[in-house]
Amino acid sequence: MNLLPKSSKEFGSVDYWEKFFQQRGKQAFEWYGTYLELCGVLHKYIKPREKVLVIGCGNSELSEQLYDVGYQDIVNIDISEVVIKQMRERNVSRRPQMSFLKMDMTQMEFPDASFQVVLDKGTLDAVLTDEEERTLQLVDRMLAEVGRVLQGRETEWLFGMEEGRKQLAASAGFRRLITVALHRGQQYNGMDSIQAELSAIVMELAPAGMPTQQQVPFLSVGGDIGVRTVQHQGCSPLSGDYVVEDVQGDDRRYFRRLIFLSSRNVVQSEARLLKDVSHRAQKKRKKDKKKQPPVDTSEDLPPAPGQSIDKSYLCCEHHKAMIAGLTLLRNPELLLETPLALLVVGLGGGSLPLFVHDHFPKSRVDAVEIDPCMLEVATQWFGFFQSDRMRVHIADGLDYVTSLAGGEARTHYDVIMFDVDSKDPTLGMSCPPPAFVEQLFLQKVKSILTDEGVFILNLVCRDLGLKDSVLAGLRAVFPLLYVRRIEGEVNEILFCQLHPEQKLATPELLEMAQALERTLRKPGRGWDDTYVLSDMLKTVKIV
């Protein structure tokens, strides 16, 4: 029985596939490869908990075998009503959670961002039978639909949305750009090994006429390519899967990081580890003493799980800028003796409230964190602790501020800091969630801020239109608004105050920052010599 079409164009015909599966019957037909041939690649890139869409499923056994080894959230679609009926009958009792739907992949009925994985084993080839305009338009519609229903996996707005990709290409300075996601389960020794693995594939996608010996530059979003030491893994009902890992920086010092696997390119929290002076490090140095002149090798040793955190060191530039914003409280030389009241919304690893607590001995800090798992992570892995001057409230920041604003004995804060990430990677604004900058809520923030106080917000927004809207909304509530852009990052720190007549020119601001730093640098205070407060405010602009 010959099932092949008379011409390749028939591969794009619904009638052809209806006849194909009627004649084929229940016997599976595998295009290009069986599950056993493909499972190594599939298991490498797809996680069992992820929601998978198989387009043009036919009567292949691939989905069934994936289901049987634990991938049970699978939706299959095909344009052939005959094969969908066959597959439903074949799987209804043995694989009840797997669904089969008759659907055109160029006009899918699923909501946006419905799947983490879209799997195609041969359907694109069946559609792309020639290079006529009509065929190419059909392929464009197919790929557009795949992009629409596919979630921005670890790539957030910058890679997952068209506007973000245009910004990425423009910032890289190239017209054609390929983005590649590195998977955390694999080991990369550095950019050279990645380039060696990908170069041949990249050249296959090069524009026609490009010389074969042309060098293609490889760019990295992050600078931490290499071996990671995972100290802890967990799953939070609110934040999803996360890891605590130690990585070695360019200066050979080790850093501890908290990463949410839903946003793998974003470091949620980071802290520097103290040099290991344990018996383990001392023994290593003694052993090597005879081999070579004595050098400090403690940075080369992999970190121990219980290694201490350097609490005097702020890793994140945006945290340094937020601390520098305390200069706006005036009389900076007196701040260490002033009973400051601070509200910090968003705990993460706890480095921001902990720094305030340790360096401003009269301060009282209320930290608000929606996820109780993050408090456990901060305490166990980042050296955070609570005291009579620093308490953590497990609550939604929106609800907490609203309850304070509506209370009879209203609490007022000298400083309010928002460092809250968004769980929706498609918005173009990953910090804070949009609800935190809505007009009604900002009025509540204003109502619990002291008259001379400062509201400090970490804004991470790549969508320029959305950012303009956020700034306009903030100005409507807080007439005095300073903006400090973090070099090399998307973060912008906004310092918001109530009285525009109190605005400070840059020279005054820097002088006050220097006065505060002189106070903080007094002997015995454990100040990080690389942290210059006034440097954080040199580029501040009034909006």
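Right, let's walk through the structure included here. This structure is a prediction, so every number in the text was calculated from the model and none was measured.

1. Side note on the overall build of the chain
Right, so step 1: Helices and strands together make up the secondary structure of the chain, namely 17 helices and 17 strands.
Right, so step 2: For the chain, with 543 residues in total, the buried portion stands at 47%.
Right, so step 3: A separation of at least 24 residues holds for 65% of the contacts in the chain among residues at least 6 apart in sequence.
Right, so step 4: Summed over all atoms, the accessible surface of the chain reaches about 28,000 Å², with 52% contributed by carbon and sulfur.

2. A short note on the sheet that holds strand 4 (residues 117-119)
Right, so step 1: Here we have 4 strands laid out as an open sheet, ordered 3-2-1-4, and parallel in their pairing. On the outer flanks of this sheet lie strand 3 (99-102) and strand 4, each paired with one strand and no other. Taken pair by pair, the neighbouring strands of this sheet meet at an average axis angle of 20°, ignoring direction.
Right, so step 2: Here 4 bridges tie strand 1 (residues 52-55) to strand 2 (residues 74-78), and the two strands are oriented parallel to one another. Directly across from Val52, in strand 2, lies its bridge partner Ile74.

3. Examining the packing of aromatic side chains
Right, so step 1: Tallying each qualifying case throughout the model produces 8 aromatic pairs.
Right, so step 2: Note on Phe110 and Phe115: the rings are 5.0 Å apart at their centroids and 85° apart in plane angle, and the pair reads as edge-to-face. Accessibility classification places Phe110 together with Phe115 in one group, the buried group.
Right, so step 3: Judged by centre distance (6.5 Å) and plane angle (55°), the ring pair of Phe255 and Tyr313 falls under tilted. You can see Phe255 sitting in strand 7 (residues 254-260) and its partner Tyr313 sitting in the loop between helix 10 (279-288) and helix 11 (317-324), a full 58 residues away along the chain.
Right, so step 4: You can call Tyr313 buried: its relative accessible area is 18%.
Right, so step 5: Grouping aromatic residues by their ring pairs yields a cluster made of Phe418, Phe436, Phe441, Phe455 and Phe478.
Right, so step 6: Over the ring of Phe115 we find Lys51, and its NZ or CZ is 5.4 Å from the ring centre.
Right, so step 7: Against the face of Tyr313 rests Arg272, its NZ or CZ located 3.8 Å from the ring centre.

4. Comments concerning the packing of helix 15 (residues 439-447) against helix 16 (residues 464-477)
Right, so step 1: Packing of helix 15 against helix 16 leaves a shortest axis separation of 10 Å and a crossing angle of 40°. The orientation of helix 15 relative to helix 16 falls into the category oblique. The chirality of how helix 15 crosses helix 16 is right-handed. Where helix 15 abuts helix 16, its residues Gln439, Leu442, Gln443 and Lys446 lie against Gly473, Leu474, Ala476 and Val477.
Right, so step 2: A class-by-class count of the residues in the contact of helix 15 with helix 16 yields 4 nonpolar, 3 polar and 1 charged.

5. Focus: the pairing of strand 6 (residues 240-248)
Right, so step 1: Both strand 5 (residues 229-236) and strand 6 contribute to a ladder of 7 bridges, which runs antiparallel. Residue Val230 lies in a different strand from strand 6, and its bridge partner there is Glu245.
Right, so step 2: Across 7 bridges, the pairing between strand 6 and strand 7 is antiparallel. For Val244, the partnering residue across the bridge sits in strand 7 and is Leu258.

So, how was this worked out
Numbering of residues starts from 1 in each chain and follows the order in which that chain's sequence is written. Only residues with pLDDT of at least 70 get local features here, since the model is predicted, and only at 80 or more are side-chain atom pairs given and counted; chain-wide, interface and lining totals rely on the full set of residues. As a rule here, side-chain values cover all heavy atoms of the structure and leave hydrogens and water aside. Numbering of helices and strands runs from the N terminus, with a helix taken as a DSSP run of H or I at least four residues long and a strand as a DSSP run of E at least two residues long. Only protein chains enter the accessibility calculation, which uses a 1.4 Å probe; a residue whose area is less than 20% of its type maximum is buried, one above 50% is exposed, and one in between is partly exposed. Only heavy atoms matter for contacts: two residues are in contact if any of them lie within 4.5 Å across the pair. Accessibility throughout is a Shrake-Rupley quantity obtained with a 1.4 Å probe, and a residue counts as covered only by protein chains that appear here. Any two strands are treated as partners once DSSP identifies two or more bridges connecting them. In this analysis an axis means a line fitted to C-alpha atoms, helices contributing only their contacting stretch, and an angle means the value between N-to-C directions, from 0 to 180 degrees. Pairing of aromatic side chains requires ring centres within 6.5 Å, counting the rings of Phe and Tyr and the six-membered ring of Trp. Pairs whose planes differ by under 30 degrees are stacked, by over 60 edge-to-face, and all others tilted. Criterion for a charge above a ring: Arg CZ or Lys NZ at most 6 Å from the ring centre, at most 35 degrees from the ring normal. Small angles under 35 degrees read as roughly parallel and large ones over 145 as roughly antiparallel, with 65 to 115 read as roughly perpendicular and the rest as oblique. Throughout, a crossing is termed right-handed when the near helix is turned clockwise from the far one, and left-handed when it is turned anticlockwise from it by less than a right angle. Residue classes follow a fixed rule: Ala, Val, Leu, Ile, Met, Phe, Trp, Tyr, Cys and Pro count as nonpolar, while Asp, Glu, Lys and Arg count as charged, and any other residue, Gly among them, counts as polar.

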